[in-house]
Number of protein chains: 2
Amino acid sequence: MNNREFKKGNTVFFKNAPRIIAGSAVCGSKEKEGIIGSYADVTLDDDMYGETTYEKAECKMLKTAIALAIEKGKLEQSDIDLLISGDLLNQIISASFSARDYNFPFLGVYSACSTMSESIMLAAMLVNAGYVKNAVAATGSHFASAERQYRYPLELGCTRPPQSQWTVTGAGGCLVAAADKGVKITSATMGRVCDLGVTDVNNMGAAMAPAAADTIIGHFKDTGTCPEDYDMILTGDLGALGSRILKDLTWEKGFDISENHVDCGEIIYKVIESEFQGGSGAGCSAVVFNSYVLSGLQSGLYKRVLFAATGALLSTVSSGQGESIPCISHAVELEF
Amino acid sequence: MNNREFKKGNTVFFKNAPRIIAGSAVCGSKEKEGIIGSYADVTLDDDMYGETTYEKAECKMLKTAIALAIEKGKLEQSDIDLLISGDLLNQIISASFSARDYNFPFLGVYSACSTMSESIMLAAMLVNAGYVKNAVAATGSHFASAERQYRYPLELGCTRPPQSQWTVTGAGGCLVAAADKGVKITSATMGRVCDLGVTDVNNMGAAMAPAAADTIIGHFKDTGTCPEDYDMILTGDLGALGSRILKDLTWEKGFDISENHVDCGEIIYKVIESEFQGGSGAGCSAVVFNSYVLSGLQSGLYKRVLFAATGALLSTVSSGQGESIPCISHAVELEF
């Protein structure tokens, strides 16, 4: 940090090093079978979570994640200055309806599956500047609500193409604070929209990989770092195919991330074959980052992590009107 | 500003006074007949704007507004550090597809019809902190794309209830910069989600008025000001009925804003009767603020304006599942 500038390229450096003082994760019945099962705070047996609709279940998961992040940070609701959240549902209703239960301000964001890194980045910016002391960044998704909004009703039993991914049922949040303890957020790289013309809505990994490459390479250049400087370069939900494309794209530009790249979507499920390319959705990186990865950062297992979740900024209407898929990736750099 | 603290309550004070150095507005054929017709930069004869779909027309308006804001600020695209934008369409496609055309970073936000004030607030926060020098805040809406997404296909010819409003076809943007000239942004009040249980999706004014009252009263208390201190207290799209409710709610709390309250939705159309309660939509405050109001601030006609747009954070799914309408209002204080 010492001789870095305040901002270089699209990367902002945080002089006051805002901290993640707690993280929380709620995951569904399928997700708990995998790697995050023993790290998540709440694991569901029934993905309806006692609610009458998928959307309400998704909202309840997000509410639980927000409440848990505050509780695990040993703070009260009255200590929280701001909630930054968004989700995949139309008009981000999970986030808005979660915010309704709280008395603190709410900043709604939308960045598809990169919402987790966008909201952490924004929280870090506002905490670092001194505008707020404690901010919660959170997001989530639900397989069933995403399927019926973006694809087909589950009852239709449509077959899935081999390049498809499985939307994660889960929510995660973290508490970003001006504190002395916790995982440092040392910089953030703001993403640009990249669109290389992919139109296949079942192949999000291929669509999103260029955005991840753009932000990750930009981050390396702005910070003067190389892949070896990080214990982990974490993407959100590129999946197996998208991760391979990302490695190729970065390798072409002279950065070999193959040794330390990890994709949340690729590692979340126990048997990846049955979910084809792996997990996806805003909840994918939210649960993996806020449980498995954060605990590694908190324990010192990882000294430095670059977290760059990716989002596909399409809608059913844009795809229906023949548009390709614009994508984005925002990155945050974390240190033990 | 002198003896104010950095943050009080939910209000952040900007010591470096980020400035709005330019604003732009594009409006539709119906909107140009009204008060903003002579202030808007581009007025359309055909609301399709040469495109094949309503959504593409909406996106083109937003793109034009962004380009115009940069041009009117006498900057190049390469000078811009960030675009903050969102809109009413599912997955904010107008904003994302607009951002695709540019090489600078994009922060997607969603705050329904309060997107204009949320994005100006966020731009001011990031500029004031020194993270970015020049940021564009922009949003828009289109009557036809909103009708078919939120209500009914236009071809159905449904009648409109008397408490309904008319979604504005238009887009507006402004350039928020660390500069010596321009309209000062002196503070911003972050909104909380308010939901008093209104479930009538045709009566947004009634649903949103409590959120506006909460933020405006919070702003008065945090800043130690009273309604008389402002030349204009501007709301976004409460409409005639919602504005009356807002005046009642603030009056009950000891703040009489009846003398200087102006609602963008109430003033935008020439003959308000035919649009019932007036205009609405993210584009409503975007075009009125960035043309009519901003020119008044630039000329010194208004010395001090409080701009608090409101957003109804519902979706067709949430309403269909019996939920009431959570609302929010973010406010920015502007000085000549």
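Predicted model only: the values in this text are computed from it and were never measured.

A. Structural detail: empty space enclosed by the protein. Residue and element names in this part refer to chain B. In the structure shown here, the tally under the stated rule is two cavities of 30 Å³ or more. Taken as a whole, the largest cavity encloses approximately 190 Å³ of empty space. Those elements that place two or more of their residues in the lining of the largest cavity are α4 (143-150) and α5 (204-223). Among the residues forming the lining of the largest cavity, the class breakdown is ten nonpolar, four polar and two charged. The class makeup of the residues in the lining of the second largest cavity is six nonpolar, three polar and one charged.

B. Looking closely at the interface of chain A and chain B. At the interface, 58 residues of chain A touch 58 residues of chain B. Here chain A and chain B share six salt bridges between them. Here A:Asp195 and B:Arg100 are joined by a salt bridge, their closest N and O atoms 2.6 Å apart. For the pair chain A and chain B, the number of links is 36 residue pairs in polar contact (both at pLDDT 80 or more). At the level of secondary structure, the elements contributing two or more residues to the side of chain A that touches chain B comprise α1 (54-72), α2 (93-99), β6 (106-108), α3 (115-128), α4 (143-150), α9 (316-320) and β15 (327-335) of chain A.

C. Region of the structure containing the pattern of salt bridges. Here the structure, examined in full by the defined rule, presents 24 salt bridges over all chains. Between A:Lys7 and B:Asp81 there is a salt bridge; the shortest N-O distance is 3.4 Å. Here the residue A:Lys7 occupies a position in strand β1 (residues 7-8), and B:Asp81 occupies one in the loop between α1 (54-72) and β5 (82-85), the pair thus bridging two chains. For A:Arg151, the salt bridge is made with A:Glu147, and the minimal N-O distance between the two is 3.0 Å. On the basis of relative accessible area, A:Arg151 is assigned to the partly exposed category, the value being 29%. The exposure class of A:Glu147 is buried, given its relative accessible area of 7%. Look at the salt bridges and you will find they share partners, linking A:Arg100, B:Asp195 and B:Glu323 into a network.

D. A look at the relation of the copies chain A and chain B. With an axial shift of 0.0 Å and an RMSD of 0.0 Å, the rotation relating chain A to chain B amounts to 180°. Here the copies are linked by what is in effect a two-fold axis. Judged by C-alpha distance, A:Val109 is the residue of chain A that lies nearest the rotation axis, at 1.9 Å. When the interface residues of chain A are mapped onto chain B, 100% of them again lie at the interface, so the same face is used by both copies.

E. Just the packing of aromatic side chains, in detail. Under the criterion given, the structure shown has 16 aromatic pairs over all chains. With a centroid separation of 6.1 Å and an interplanar angle of 90°, the aromatic rings of A:Phe14 and B:Tyr131 are classed as edge-to-face. Placement of A:Phe14 in the loop between β2 (11-13) and β3 (19-27) and of B:Tyr131 in the loop between α3 (115-129) and β7 (134-141) is noted, with the two residues assigned to different chains. Under the relative-accessibility criterion, A:Phe14 is labelled buried at 0%. B:Tyr131 gets classed as buried once you look at its relative accessible area, which sits at 0%.

F. Region of interest: the layout of surface pockets. The space that makes up the largest pocket amounts to roughly 630 Å³. A:Glu147, A:Tyr150, A:Arg151, A:Val201 and A:Asn202 are, among the 34 residues lining the largest pocket, the residues nearest its centre. Elements with a contribution of two residues or more to the lining of the largest pocket: α4, β8 (166-167), α5 (204-223) and α9 of chain A. Sorting elements by how many residues they give to the lining of the largest pocket places α4(A) first, with four residues. Put simply, the second largest pocket is a space of about 500 Å³. Mapped by element, the contributors of at least two residues to the lining of the second largest pocket are α4 and α9 (316-320) of chain B. Tallying contributions element by element places α4(B) first for the lining of the second largest pocket, with three residues. Class assignment of the residues belonging to the lining of the second largest pocket gives a composition of eleven nonpolar, ten polar and three charged.

G. Representation of unusual backbone geometry within the structure. All names here are of chain A. At Tyr-49, a position not held by glycine, the phi torsion is positive, near 55°. Residue placement: Tyr-49 occurs in the loop between β4 (42-43) and α1. Notably, Lys-74 is not glycine yet its phi reads approximately 55°, a positive angle. Turning to its location among the elements, Lys-74 is positioned in the loop between α1 and β5 (82-85).

H. Expanded view of the nonpolar core. Among the nonpolar cores identified, the biggest contains 105 residues, and A:Ile20, A:Ile120, A:Leu334, B:Ile20, B:Ile120 and B:Leu334 are the most heavily contacted of them. Ignoring sequence-local partners within four residues, the contact set of A:Leu334 consists of A:Ile20, A:Val183, A:Lys184, A:Ile185, A:Phe289, A:Leu297, A:Lys303, A:Arg304, A:Val305 and A:Phe307. By size, the runner-up hydrophobic cluster in this structure holds 65 residues, among which are A:Met61, A:Leu68, A:Leu83 and B:Leu68.

I. Seen up close, the environment of B:Ala207. Residues and elements named next belong to chain B. Note on placement: Ala-207 falls in helix α5. Remark: the alpha-carbon pair of Ala-207 and Gly-197, spanning ten residues in sequence, is separated by 7.8 Å. Other than its neighbours up to four places away in sequence, Ala-207 contacts Val-198, Ile-325 and Cys-327.

J. The pairing of strand β11 (residues 232-235) of chain B, seen in detail. Residues and elements named next belong to chain B. Alternating positions in β11 separate into two faces, Met-232 and Leu-234 on one and Ile-233 and Thr-235 on the other, with burial throughout. In this sheet, strand β14 (residues 304-312) lies alongside β11 in parallel orientation, the contact comprising four bridges. Residue pairing across strands places Thr-235 opposite Ala-308, the latter belonging to β14. One ladder, built from three bridges, connects β11 with strand β12 (residues 261-263); its direction is parallel. When the bridges of β12 are listed, Thr-235 appears paired with Asp-263. Handedness of the crossover is the feature at issue here: the chain leaves β11, passes through helix α6 (residues 239-252), returns alongside β12, and the resulting connection is right-handed.

The rules behind these values
- Residues numbered from 1 in each chain as written.
- Chains lettered and ligands numbered in written order.
- Predicted model: local features only at pLDDT ≥ 70, side-chain atom pairs only at ≥ 80, totals over all residues.
- Heavy atoms only, no water.
- 1 Å grid on protein atoms, 1.4 Å probe; cavity = no way out; pocket = protein on both sides within 12 Å on 5 of 7 lines; lining within 4 Å.
- Points joined across faces, edges and corners; volume = space filled by probe spheres on them.
- Helix = DSSP H or I, 4+ residues; strand = E, 2+ residues; numbered from the N terminus.
- Nonpolar A, V, L, I, M, F, W, Y, C, P; charged D, E, K, R; others polar.
- Contact = heavy atoms within 4.5 Å.
- Salt bridge = Lys/Arg side-chain N within 4 Å of Asp/Glu carboxyl O.
- Polar contact = N/O pair within 3.5 Å; in protein donor to acceptor, adjacent residues only side chain to side chain.
- Buried < 20%, exposed > 50% of the residue type's maximum accessible area, 1.4 Å probe, protein only.
- Least-squares fit on C-alpha atoms with pLDDT ≥ 70 in both.
- Phe/Tyr/Trp six-rings, centres within 6.5 Å; stacked < 30°, edge-to-face > 60°.
- Core = buried A, V, L, I, M, F, W, Y, C linked by side-chain atoms within 4.5 Å.
- Pairing = 2+ DSSP bridges.
- Right-handed = clockwise from strand over helix to strand, strands pointing away.

Any link to function would need more than the numbers given here.
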